[in-house]
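Read off the chains here:
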Amino acid sequence: MKMLYKLEAFEGPLDLLLHLIDKSEVDIYNIPIKDITEQYMEYVQAMHELELEVTSEFLVMAATLLAIKSKMLLPKPPVLDLDFDYYEEDDFDPRAELVQKLIEYRKYKAIADLLRDKEVERSLVFTREPEDLAPYVPQVQENPVKGLDVNDLMLAFQRTLRKMVHRNQVTKIRRDEISVKDRIADLVDLLRNKGGRLLFSKLFEKQCSREEIVVTFLAILELMKMKKIQCFQHRLFEDIVIQAKEGELTDGLSTDEIDY
């Protein structure tokens with residue numbers, strides 16, 4: 001009769017021993033080394049029959065189990081009555097080192113299983129790149145009176161009232177108007193006093209307004225149009241000479257036609 005084996009995959013010899021201990025429901029601190037060793041050897045033998053590769057770790061553990069089994073089968077040495085104190089480890093258990101390794105391995109295996117569960121749980125969560133949510137943030141207008149108290153507002157109100165008092169004051173400015181007709185008369189009198197010749201720059205020795213300068217130019221142009229004066233320069237960029245024509249200023253000067 002041909003026997004069929006279904007072998008589970010184990011990560012190492014310690015993993016196989018924990019499986020055998022849990023399956024047998026025995027205390028890990030009191031391992032029945034005879035039964036566990038037989039079950040372990042059956043598993044290794046099954047691997048050979050199935051032509052599976054048996055790693056050196058499984059073979060080393062098999063040798064360790066057989067060594068522990070042999071030590072436990074040997075009788076204890078007789079107690080010697082010696083004259084001096086002799087310490088003998090009567091309670092020494094050959095399984096102690098193996099038990100310690102199994103406890104450490106169970107602890108790390110539990111941690112690995114927890115991390116594996118966390119990995120599976122995290123793999124079910126799908127994430128995406130963060131987007132710019134600035135356009136959806138509500139625009140909060142800054143408080144224009146932030147940091148001010150009632151006293152500050154009262155002082156600002158008083159300053160505003162004082163400014164409004166000054167604004168209500170109305171000032172009238174009287175504008176002195178100079179007509180071209182009056183300016184022509186002034187130029188004629190000035191030419192008569194200066195002997196009929198006058199430099200253009202002498203007309204603006206005092207501080208003049210823009211209106212006075214414009215009116216003076218118009219008066220000179222009007223006198224030239226009336227052929228009462230002539231203007232010339234001795235050289236380029238020199239001062240302009242205003243000279244009355246002979247006999248023109250002595251005659252009566254009619255400015256009735258000038259209306260500006």
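Small disclaimer: the values here were computed from a predicted structure and weren't measured. (Residues numbered from 1 in each chain as written. Predicted model: local features only at pLDDT ≥ 70, side-chain atom pairs only at ≥ 80, totals over all residues. Heavy atoms only, no water.)

### A word on the side chain of R183
As a reminder, the rule being used: Put simply, DSSP H or I for four residues or longer makes a helix, DSSP E for two residues or longer makes a strand, and each gets a number counted from the N terminus. Each residue gets one of three labels from its accessible area relative to the maximum for its type: buried under 20%, exposed over 50%, partly exposed in between, using a 1.4 Å probe on protein chains only. A residue counts as positive if it is Lys or Arg and as negative if it is Asp or Glu; His and the chain ends are not included. Any carboxyl oxygen of Asp or Glu that lies within 4 Å of a side-chain nitrogen of Lys or Arg is treated as forming a salt bridge with it. Polar contacts, as used here, are pairs of N or O atoms within 3.5 Å; protein pairs need one atom able to donate a hydrogen and one able to accept it. Residues neighboring in sequence count only if both atoms are side-chain atoms. For this analysis, residues touch if any pair of their heavy atoms sits within 4.5 Å.
With respect to the helices and strands, R183 occurs in helix α6 (residues 180–193). Buried within the structure, R183 lacks any salt-bridge partner; D186 is the closest side chain of opposite charge, at an N-O distance of 4.1 Å. At 2.9 Å, the side chain of R183 and the side chain of T216 are in polar contact. Setting aside anything within four residues of it in sequence, one finds R183 in contact with L203, V215, T216 and A219.

### Thoughts on the nonpolar core
The criterion, for reference: To define a nonpolar core, start from buried Ala, Val, Leu, Ile, Met, Phe, Trp, Tyr and Cys residues and group those joined through side-chain atoms within 4.5 Å.
Grouped together as the largest cluster of nonpolar side chains are 23 residues, with contacts concentrated most on L16, L17, Y40, M61, L65, L98 and L102. When contributions to this core are tallied by element, the ones reaching two or more residues are α1 (13–24), α2 (33–49), α3 (56–73) and α4 (96–123). In this structure, M61 is in contact with P13, L14, L17, Y40 and L98, ignoring residues within four places of it in sequence. Within the second largest apolar cluster, 15 residues are counted, among which are L191, L198, A219 and I242.

### Things to note about empty space enclosed by the protein
The criterion, for reference: Throughout, the protein atoms alone are placed on a 1 Å grid, and a set of points is a cavity if a 1.4 Å probe fits but cannot get out or a pocket if it is open with protein on both sides within 12 Å along at least five of seven lines; lining residues have an atom within 4 Å of a point. Grid points are joined across faces, edges and corners, and a volume is the space filled by probe spheres set on the points. Each residue gets one of three labels, nonpolar for Ala, Val, Leu, Ile, Met, Phe, Trp, Tyr, Cys and Pro, charged for Asp, Glu, Lys and Arg, and polar for the others, Gly among them.
Summed over all chains, the structure comprises one cavity of 30 Å³ or more. Volume-wise, the largest cavity comes out at about 30 Å³. Lining the largest cavity, in full, are L187, L191, L198, L203, I220, L223, I229 and I242. Looking at the lining of the largest cavity, the elements that each hand over two or more residues are α6 and α7 (210–225). In terms of residue class, the lining of the largest cavity is made up of eight nonpolar, no polar and no charged.

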